[in-house]
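Descriptive analysis of the structure
Single-letter residue listing:
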Amino acid sequence: MFQTLYNCFWWDRLWLPANLTWADLNTEDGQVHAKASDLYITFPFAFLFLLLRHLFEKYVATPLAGLLNVKDKVQLKATPNPTLETFYSSSSKHPKQADIEGLSKKCGYTARQVERWFRRRRNQDRPSMLKKFREASWRFTFYLLAFIAGMSVIADKPWFYDLQKVWEGYPIQTLLPSQYWYYVIELSFYWSLLFSVASDVKRKDFTEQIIHHVATIVLITFSWYTNYIRAGTLVMALHDASDYLLESAKMFNYAGWKNTCNNLFIVFSVIFIISRLIIFPFWILHCTVIYPLGVYPPFFGYYFFNSMMIVLQCLHIFWAYFIMRMAHKFITGNVVKDERSDHDETDSTEEEEEVGAMTGHSTKNGLLTNGHPILNNNHRKAD
């Protein structure tokens, strides 16, 4: 049974063009071709990335956060209450008005006190500013190094300048050592992102992020199996071209460097639009959809690979919408918050006025420091 499924999965017609078999890709005459077993190493490498990330965040990102004066806001903790905690954990983090009234009777709290308890309890579950900074630092470091490595892999290749050469000699194309390691490093990193998604900072586009990670892993893996390696290296380098700018903008945002953050985000927006909405669909996607038809008849791998490319392009359009909205706000000076961020909730105005009465400063029009309003620059940028 297992052998039958194995043979069906690796059927030549799924992965290779007509009249070509796996035997045709055997190593001979000094040529090396991609093999499925070559990617097994990405799983232990993914866990190695998780270990490197832990060490990086502890010994590099955390001291850097201290130097940039990244601080967490002081949060008021919810008073321990077993009844409210049980409802919060098992029923809902956002109780309806009827639930609030029922809980207030059980706990002896007023409805306002119950609402305040849930606000504070939700804030406790939100990631700290330091956690966000460390995550952004790690991703910035990887994306920057990956982009430099990717350009070194493809910049001297003829198919970087003439996309039709991507399919020259396909599918019998020699695998270069630089291509192998580029694939291994990129795939290992995306596996590590998928493994750590439960503990990473969650955003409102959490589902889209999962789809992106899965689509990327499938694309990288499938392009390796079908020997679409030249096209795969172009796609990976193109995606790394803008990501490090976004992560650096986040880092400066968490550090409170508003102008630097905004300028980096504008640069990121321009590069994102050019790379994801112009180069990707009109050059890269055109290269993988149109040019192969002159080399071989379409097969399952051709349709599947390009379907995943279209999924990525849909995600590009989805994120571009939010990015352009944020960029417009930066340019016009009307930035309020990240369109997709999950922000801390503040207690009611009534409570702020109580605090103001005790300290001698009114907080009705915003937070105060020595009687002067302070602006909250801890908005996050679109990813």
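Please refer to the structure higher up on the page.
Residues numbered from 1 in each chain as written. Predicted model: local features only at pLDDT ≥ 70, side-chain atom pairs only at ≥ 80, totals over all residues. Heavy atoms only, no water.

Once that is clear, we can look at the environment of Ala-34. You can see Ala-34 is positioned in the loop between helix H2 (12–15) and helix H3 (42–67). Judged by relative accessible area, which is 9%, Ala-34 ranks as buried. With near-sequence residues (within four places) excluded, Ala-34 lies in contact with Leu-175, Trp-224, Asn-227 and Ile-229. (Helix = DSSP H or I, 4+ residues; strand = E, 2+ residues; numbered from the N terminus. Buried < 20%, exposed > 50% of the residue type's maximum accessible area, 1.4 Å probe, protein only. Contact = heavy atoms within 4.5 Å.)

Here the focus is the packing of helix H9 (residues 177–195) against helix H10 (residues 206–225). Direction vectors running N to C along H9 and H10 enclose 155°, while the axes themselves pass 10 Å from each other. Comparing the axis directions of H9 and H10 gives the class roughly antiparallel. For the crossing formed where H9 meets H10, the hand is left-handed. Between H9 and H10, the contacting residues are Tyr-180, Tyr-183, Glu-186, Leu-187, Tyr-190, Trp-191, Leu-193 and Leu-194 on the first element and His-212, His-213, Val-214, Thr-216, Ile-217, Ile-220, Thr-221, Ser-223 and Trp-224 on the second. Residues that form the contact of H9 with H10 fall into these classes: 11 nonpolar, five polar and one charged. (Axes fitted to C-alpha atoms, helices over the stretch in contact; angles between N-to-C directions. Parallel < 35°, antiparallel > 145°, perpendicular 65-115°, else oblique. Left-handed = near helix turned anticlockwise from the far one by under 90°. Nonpolar A, V, L, I, M, F, W, Y, C, P; charged D, E, K, R; others polar.)

Between its first and last C-alpha, helix H11 (residues 229–254) extends 38 Å over 26 residues, near the 38 Å set by a 1.5 Å rise per residue. Along H11, the largest kink reaches about 25° and is centred on Ala-241. The element H11 is largely enclosed, with a buried count of 25 among its 26 residues. Once H11 finishes, Gly-256 follows within two positions and takes phi at roughly 85°, a positive value. (Expected span 1.5 Å × (residues − 1). Bend = angle between axes of the 7 residues up to and from the residue.)

Okay, empty space enclosed by the protein next. Under the criterion given, the structure shown has four cavities of 30 Å³ or more. Estimated volume of the second largest cavity: approximately 150 Å³. Of all the secondary-structure elements, those providing two or more residues to the lining of the second largest cavity are H9, H10, H11 and helix H13 (300–332). Taken together, the residues that form the lining of the second largest cavity break down as eight nonpolar, five polar and two charged. (1 Å grid on protein atoms, 1.4 Å probe; cavity = no way out; pocket = protein on both sides within 12 Å on 5 of 7 lines; lining within 4 Å. Points joined across faces, edges and corners; volume = space filled by probe spheres on them.)

A surface patch of nonpolar side chains, about 540 Å² in accessible area, is lined by Leu-48, Leu-51, Leu-52, Leu-55, Tyr-59 and Val-60. Residue position: Leu-52 is located in helix H3. (Patch = residues over 30% accessible without salt bridge, like charges linked within 9 Å, V, L, I, M, F, W, Y side chains within 5 Å. Areas by Shrake-Rupley, 256 points an atom, 1.4 Å probe, with all protein chains shown as cover. Salt bridge = Lys/Arg side-chain N within 4 Å of Asp/Glu carboxyl O.)

Here the focus is unusual backbone geometry. In this structure, Asn-69 is a non-glycine residue whose phi angle is positive, near 60°. The backbone of Asn-227 shows a phi angle near 65°, a positive value even though the residue is not glycine. Relative to the elements of secondary structure, Asn-227 occurs in the loop between H10 and H11. For Asn-227, a relative accessible area of 4% puts it in the buried group.

This part takes up the side chain of Ser-242. Assignment of secondary structure puts Ser-242 in helix H11. Residue class for Ser-242 comes out buried when judged on its relative accessible area of 0%. Ser-242 has contacts with Phe-268, Ile-271, Phe-272, Ser-275 and Arg-276, leaving out every residue within four places of it along the chain.

Let us now look at the environment of Ile-229. Following the sequence through the fold, Ile-229 ends up in helix H11. The class for Ile-229 is buried, based on a relative accessible area of 3%. For the pair Ile-229 and Gln-179, spaced 50 residues apart in sequence, the C-alpha separation works out to 7.5 Å. Look past the residues within four positions of Ile-229 in its chain and what remains in contact with it is Ala-34, Leu-175, Gln-179, Tyr-183, Ser-223 and Trp-224.

A separate point is the side chain of Ser-269. Topologically, Ser-269 is positioned in helix H12 (residues 258–289). Beyond its immediate chain neighbours, meaning those up to four positions away, Ser-269 contacts Ile-323 and Ala-327.

Given a rise of 1.5 Å per residue, 26 residues ought to cover 38 Å, and the 35 Å separating the end C-alpha atoms of H3 matches this to within 8%. Along its length, H3 reaches its greatest deviation from straightness, about 40°, at Glu-57. Of all the positions in H3, only Thr-42, Ala-46, Phe-49, Arg-53, Phe-56, Glu-57, Ala-61 and Ala-65 are classed as buried. Tucked into the core, H3 has its buried residues touching helix H7 (129–154) and H9. After H3 finishes, the residue Asn-69 shows a positive phi value of roughly 60°.

Core analysis: the biggest nonpolar cluster contains 75 residues, and Val-166, Phe-189, Trp-224, Tyr-228, Phe-265 and Met-309 have the highest contact counts within it. Of all the elements in the fold, those that place two or more residues in this core are H3, H7, H9, H10, H11, H12 and H13. Listed in part, the 10 residues of the second largest apolar core include Leu-84, Phe-87, Leu-103 and Trp-117. (Core = buried A, V, L, I, M, F, W, Y, C linked by side-chain atoms within 4.5 Å.)

Counted under the stated rule, the structure contains eight salt bridges. Between Arg-121 and Glu-85 there is a salt bridge, with its nearest N and O atoms 3.0 Å apart. With Arg-121 in helix H6 (residues 111–125) and Glu-85 in helix H4 (residues 82–90), the pair connects residues that are 36 residues apart, well separated along the chain. Its relative accessible area of 26% is what places Glu-85 among the partly exposed residues. Residues Asp-156 and Lys-157 are paired through a salt bridge, measuring 2.8 Å at the closest nitrogen-oxygen approach. The exposure class of Lys-157 is buried, given its relative accessible area of 12%.

For the structure on display, the rule yields 39 aromatic pairs. Pairing Tyr-143 with Phe-189 gives two aromatic rings, centres 5.7 Å apart and planes at 75°, and the pair type is edge-to-face. You can see Tyr-143 sitting in helix H7 and its partner Phe-189 sitting in helix H9, a full 46 residues away along the chain. The residues Tyr-143 and Phe-189 share a single accessibility class, namely buried. Both rings, one in Phe-252 and one in Trp-257, keep their centres 5.3 Å apart while their planes meet at 40°; by these two values the pair is tilted. The partly exposed category is assigned to Trp-257, whose relative accessible area is 41%. (Phe/Tyr/Trp six-rings, centres within 6.5 Å; stacked < 30°, edge-to-face > 60°.)

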